Amino acid sequence: MRYFILTNNPLAAKEFGETHDVRFINCGLRDVLIKARDLINDGAVLLNHPLYGSVKPNETPFRSLLLQQGIPQTGNMPAPADPDSVRLIGNAVSAFEKFIVKKEITDPKLLEDFQVVDLSLLRSAVESADR
Amino acid sequence: MRLELGKINITDIRFAKESKIEQGVLYIDPDYLKPVVLEDEKIRDVVFDIAKPGESVRITPVKDVIEPRVKVEGRGGVFPGWTSKVDTVGSGRTLALKGMAVVTAGKIVGFQEGIIDMTGTGAKYTPFSKTLNLCMVCEPVEGLKQHDYEAAVRKAGFRVAAKIGELARGLEADEICVYETCGIREGIEKYPDLPRVAYVSMLQTQGLLHDTYVYGVDAKQIIPTILSPTEIMDGAVVSGNCVSACDKNPTYIHQNNPVVEDLFAQHGKTLNFVCQIITNENVYLADKERSSNMTAKLCRMLDLDGVVVTQEGFGNPDTDLIMNCKKIEAEGVKTVIVTDEYAGRDGKSQSLADADAAADAVVTGGNANEVVVLPKLDKVIGTLDYVNRIAGASEDTLRPDGTLEVELQVITGATNEMGFGTLSAR
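What you are looking at is a predicted structure, and each value in this text was computed from that prediction instead of being measured. (Residues numbered from 1 in each chain as written. Chains lettered and ligands numbered in written order. Predicted model: local features only at pLDDT ≥ 70, side-chain atom pairs only at ≥ 80, totals over all residues. Heavy atoms only, no water.)

Visitor: Would you explain the overall build of chain A in this entry?
Guide: Scanning chain A for helices and strands turns up 4 helices and 4 strands. Listing each helix as α and each strand as β along chain A from the N terminus yields β-α-β-α-β-β-α-α. A compact globule built from 131 residues should have a C-alpha radius of gyration of about 14 Å, and chain A, at 15 Å, falls within 12% of that. Summarising its shape, the C-alpha atoms of chain A cover approximately 50 × 35 × 25 Å along the three principal directions. In chain A, which comprises 131 residues, the proportion classed as buried is 50%. Considering only contacts within chain A whose residues lie at least 6 apart along the sequence, 70% involve residues at least 24 apart. In chain A, 15 side chains carry a positive charge and 17 a negative one; their mean positions are 4 Å apart. (Helix = DSSP H or I, 4+ residues; strand = E, 2+ residues; numbered from the N terminus. Rg over C-alpha atoms; globule rule 2.2 N^0.38 Å. Buried < 20%, exposed > 50% of the residue type's maximum accessible area, 1.4 Å probe, protein only. Contact = heavy atoms within 4.5 Å. Lys, Arg positive; Asp, Glu negative; His and termini not counted. Charge placed at Lys NZ, Arg CZ, Asp CG, Glu CD.)

So this is what it looks like as structure tokens:
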């Protein structure tokens with residue numbers, strides 16, 4: 001299946017950069033969700049869930065998403081948006097905005113822990129996508 | 001399947017030169033357990049400690065909680081796939097050491113593990129303030145990666161619990177509970193007028209550090225299947241999940257699943273408890289669709305009238321919960337779902353990340369965002385180094401006077417979604 005990884009996690013970019021289509025963006029977690037929402041509005045389909053399991057979106061700065069490129073329709077019309085993806089990314093943005101954003105994390109060890117957890121969830125999704 | 005669960009009440013734990021259980025007291029020589037832990041070369045050292053209800057003790061960061069058990073009759077042994085071969089368990093006789101637990105602690109990933117307070121405000125919220133806790137703090141070898149450390153501590157906990165359980169072999173139980181389920185036809189013939197009810201248990205399976213295992217298999221890889229509810233009493237399902245403390249299911253809660261307990265209590269009276277269905281909570285959307293489809297199909301094929309569905313964790317598993325509920329209801333089977341809430345500190349925000357009109361019977365385990373202040377306690381087992389980083393804490397958690405301002409999320413078992421805690425709402 002052709003898909004790409006949208007991520008702000010440098011560890012994920014390093015791990016999958018040579019074997020997968022990785023689109024690294026240097027931004028915060030909310031901006032990853034907003035970027036994904038824009039892509040979904042243009043027809044991209046979400047392959048993994050945009051929310052973490054049991055980590056609140058205001059607690060980690062990193063997120064990696066798997067997206068399938070939408071196929072443009074005839075006459076260069078963009079692909080229609082996938083309703084499930086629209087709903088899930090909308091809920092994820094709302095969930096993010098529900099919580100107070102904490103101070104920027106600067107502790108390199110803690111940043112690494114968050115990168116490792118995001119990477120472990122990403123690996124889990126990639127294993128399913130590449131089966 | 002018929003299982004007799006013999007309960008041996010443990011009233012005290014003491015360190016001693018000889019390991020034994022005598023008149024309800026567990027005497028433990030740390031040197032009896034240490035080699036069991038250190039047989040894994042990934043663990044450099046282990047320190048054992050005892051925490052008792054009411055003591056001014058805080059255990060953190062807590063990884064897993066396990067009840068020592070031993071199988072004395074019937075097929076297999078406890079924790080199949082880990083400390084025993086993979087025989088099908090859940091029949092015969094098992095002895096359980098009640099009133100105590102093995103608690104694994106130590107830093108694995110800085111923000112993940114939880115807190116157990118043995119006294120004060122925190123003790124009210126964790127079920128493990130009421131158990132005598134034999135704590136084991138494991139130190140990894142230099143440079144060990146987080147997921148290898150998690151696996152090492154997880155497996156060491158099962159080995160220690162099984163080793164302690166062995167001390168009960170040959171002892172008389174203080175109480176024996178019998179749990180028995182019928183075959184499909186037998187159940188229909190025996191209880192023709194009772195509603196057929198099953199329990200759908202959703203297992204956290206997000207990726208390394210957020211996983212659950214069934215007979216040694218990573219549950220991410222399973223498609224939903226059926227268990228006799230007695231199998232989990234022998235440790236067929238174990239936790240490898242580090243997060244989040246308040247609403248993950250430690251192994252102890254799988255072993256003592258309150259939904260299973262309550263359904264058995266009604267079995268043959270108000271309902272026919274048919275089986276337990278286990279399913280997963282994967283990150284990949286197609287996996288979520290497949291697993292919820294299979295779960296709904298099993299409910300239909302088993303001719304169920306109703307199910308209780310429990311969730312583990314929050315966030316994307318909310319989507320699995322709603323998919324399960326919606327699809328099972330669409331098969332004509334009634335559902336009650338058990339979850340917890342992330343409704344913000346004021347409790348006014350939407351509680352779940354997903355919703356559907358079919359979810360019209362919901363039990364909550366409480367609001368994980370509720371803020372509490374935990375007192376300074378005299379002794380810490382583990383370390384406070386990570387207390388500002390645990391999910392549910394913040395950089396301001398540890399206050400100058402030593403008290404902790406936290407969300408309930410940091411407290412192990414506080415909003416458990418199998419209903420093991422005391423919080424709810426009406």
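Visitor: Would you take a moment to explain the interface of chain B and chain A for this structure?
Guide: You'll often see interface size given as the accessible area lost when the parts meet. Contacts between the two partners involve 45 residues from chain B, matched on the other side by 38 residues from chain A. The contact between chain B and chain A buries some 3200 Å² in all, and 53% of this surface belongs to carbon and sulfur atoms. For the salt bridge of Arg-87 of chain A with Asp-354 of chain B, the shortest nitrogen-to-oxygen distance reads 2.9 Å. At the junction of chain B and chain A, the tally comes to 15 residue pairs in polar contact (both at pLDDT 80 or more). (Buried area = accessible area lost by both parts, 1.4 Å probe. Salt bridge = Lys/Arg side-chain N within 4 Å of Asp/Glu carboxyl O. Polar contact = N/O pair within 3.5 Å; in protein donor to acceptor, adjacent residues only side chain to side chain.)

Visitor: Explanation requested: the side chain of Arg-196 of chain B in the structure shown.
Guide: Residue and element names in this part refer to chain B. Residue position: Arg-196 is located in strand E13 (residues 196-204). Here Arg-196 sits buried without a salt bridge, and the closest side chain of opposite charge, Asp-305, lies 5.6 Å off (N-O distance). Polar side-chain contacts of Arg-196 include one of 2.9 Å to the backbone oxygen of Leu-302. With residues up to four places along the chain from it excluded, the contact list for Arg-196 reads Ile-184, Ile-188, Asn-272, Val-274, Leu-302, Asp-303, Leu-304, Asp-305 and Gly-306.

Visitor: Explain the pattern of salt bridges here, please?
Guide: When charged atoms on two side chains of opposite charge get close, those side chains can pair. All names here are of chain B. The full count for this structure, using the stated rule, is 34 salt bridges over all chains. For Glu-180, the salt bridge is made with Arg-2, and the minimal N-O distance between the two is 3.7 Å. One end of the pair, Glu-180, is in strand E12 (residues 175-180); the other, Arg-2, is in strand E1 (residues 2-9), and 178 residues separate them in sequence. According to the relative accessible area criterion, Glu-180 is partly exposed, its value standing at 40%. Arg-93 is paired through a salt bridge with Glu-4; the nearest N and O atoms lie 2.7 Å apart. Here the residue Arg-93 occupies a position in strand E8 (residues 92-98), and Glu-4 occupies one in strand E1, the gap between them amounting to 89 residues. Judged by relative accessible area, which is 18%, Glu-4 ranks as buried.

Visitor: Could you clarify how one ought to interpret unusual backbone geometry in this entry?
Guide: Peptide bonds are, in most cases, trans, and in most cases residues other than glycine have a negative phi. Of the consecutive residues Thr-60 of chain B and Pro-61 of chain B, the connecting peptide bond is found in the cis state with omega at -10°. Within the element layout of this structure, Pro-61 of chain B appears in strand E6 (residues 57-66). Its identity as a non-glycine residue notwithstanding, Ser-54 of chain A has a phi of 70°, on the positive side. For Ser-54 of chain A, the location among the structural elements is in the loop between strand E3 (45-46) and strand E4 (64-68). Notably, Asp-303 of chain B is not glycine yet its phi reads approximately 55°, a positive angle.

Visitor: Sorry if this is basic, but what is going on with the side chain of Thr-230 of chain B here?
Guide: All names here are of chain B. Looking at the element boundaries, Thr-230 is found in the loop between strand E16 (225-227) and strand E17 (237-241). Here the side chain of Thr-230 touches Ser-228 through a polar contact of 2.7 Å, side chain to side chain. Those residues within four positions of Thr-230 in sequence are excluded, and the remaining contacts are Met-1, Leu-3, Gly-90, Tyr-179 and Phe-264.

Visitor: Would you mind showing me how to read the sheet that holds E8 of chain B here?
Guide: Within a sheet, adjacent strands bond to each other through the backbone by hydrogen bonds, running parallel or antiparallel. Residues and elements named next belong to chain B. Within the open sheet, the 4 strands sit side by side as E7-E8-E1-E12. Their pairing is mixed. At either margin of the open sheet sits one strand with a lone partner, and together these are strand E7 (69-73) and E12. Going from strand to strand, the sheet's axes swing by 25° on average, the running direction of each strand aside. With 6 bridges joining them, E1 and E12 adopt antiparallel strand pairing. In the strand pairing of E12, Arg-2 is matched with Glu-180. Lying on the sheet, helix H3 (residues 146-166) is in contact with E7 and E8; it crosses E7 at an angle near 50°. (Pairing = 2+ DSSP bridges. Axes fitted to C-alpha atoms, helices over the stretch in contact; angles between N-to-C directions.)

Visitor: What is the right way to read the packing of aromatic side chains from this model?
Guide: The geometry of an aromatic ring pair is captured by the separation of the ring centres together with the interplanar angle, meaning the angle of the planes. Counted according to the given criterion, the structure contains 9 aromatic pairs over all chains. Centroid distance Phe-128 of chain B to Tyr-252 of chain B: 5.2 Å. Interplanar angle 90°. Geometry classified as edge-to-face. With Phe-128 of chain B in the loop between helix H2 (121-125) and strand E11 (132-140) and Tyr-252 of chain B in helix H5 (residues 251-255), the pair connects residues that are 124 residues apart, well separated along the chain. Just as Phe-128 of chain B is buried, Tyr-252 of chain B falls in that class too. Taken together, the aromatic side chains of Phe-79, Trp-82, Phe-158 and Tyr-213 of chain B make up a single cluster linked through ring pairs. The lysine or arginine in question, Arg-23 of chain A, covers the ring of Phe-4 of chain A, its NZ or CZ lying 3.7 Å from the ring centre. Sitting over the face of the ring of Tyr-27 of chain B, Lys-20 of chain B holds its NZ or CZ atom 5.4 Å from the ring centroid. (Phe/Tyr/Trp six-rings, centres within 6.5 Å; stacked < 30°, edge-to-face > 60°. Lys NZ or Arg CZ within 6 Å of the ring centre and 35° of its normal.)

Visitor: How should the sheet that holds strand E1 (residues 4-7) of chain A be read in this particular structure?
Guide: Residue and element names in this part refer to chain A. The strand order E2-E1-E4-E3 describes an open sheet built from 4 strands, whose pairing is mixed. The outermost strands of the open sheet, each flanked by one partner alone, are strand E2 (21-24) and E3. One ladder, built from 4 bridges, connects E1 with E2; its direction is parallel. When the bridges of E2 are listed, Ile-5 appears paired with Val-22.

Visitor: Would you mind showing me how to read the state of the cysteines here?
Guide: Should the sulfur atoms of two cysteines be covalently bonded, the bond is a disulfide. Residue and element names in this part refer to chain B. On inspection of all chains with the given rule, the structure shows 0 disulfides over all chains. This cysteine, Cys-246, is not joined by any disulfide, and Cys-242 carries the nearest cysteine sulfur, 15 Å off. Relative accessible area serves as the criterion here: at 0%, Cys-246 is assigned to the buried category. (Disulfide = S-S within 2.5 Å.)

Visitor: When you look at the packing of helix H7 (residues 285-301) of chain B against helix H8 (residues 317-330) of chain B in this model, what are you seeing that I'm missing?
Guide: Each pair of packed helices can be described by the angle between their axes along with the distance between the axes. Residues and elements named next belong to chain B. Where H7 meets H8, the axes come as close as 9 Å, and the angle between the chain directions of the two elements is 35°. In this structure, H7 crosses over H8, and the sense of that crossing is right-handed. Contacts between H7 and H8 involve Lys-288, Glu-289, Ser-291, Ser-292, Asn-293, Thr-295, Ala-296 and Cys-299 from the former and Pro-317, Thr-319, Asp-320, Met-323, Asn-324, Lys-327 and Ile-328 from the latter. In terms of residue class, the contact of H7 with H8 is made up of 5 nonpolar, 6 polar and 4 charged. (Left-handed = near helix turned anticlockwise from the far one by under 90°. Nonpolar A, V, L, I, M, F, W, Y, C, P; charged D, E, K, R; others polar.)

Visitor: Please explain H8 of chain B as it appears in this structure.
Guide: Given 3.6 residues per turn, any residue in an α-helix points the same way as the ones three and four places further on. Here H8 of chain B spans 20 Å end to end across 14 residues, near enough to the 20 Å set by a 1.5 Å rise per residue. The element H8 of chain B is extensively covered by neighbouring structure, given that 12 of its 14 residues are classed as buried. Looking at H8 of chain B, one finds that the buried residues are Pro-317, Asp-318, Thr-319, Asp-320, Leu-321, Ile-322, Met-323, Asn-324, Cys-325, Lys-327, Ile-328 and Glu-329 of chain B. The inward-facing, buried residues of H8 of chain B contact helix H3 (83-98) of chain A together with E13, strand E18 (272-281), H7, strand E19 (306-310) and strand E20 (334-341) of chain B. Of the residues flanking the end of H8 of chain B, it is Gly-332 of chain B, one or two places downstream, whose phi is positive at about 85°. (Expected span 1.5 Å × (residues − 1).)

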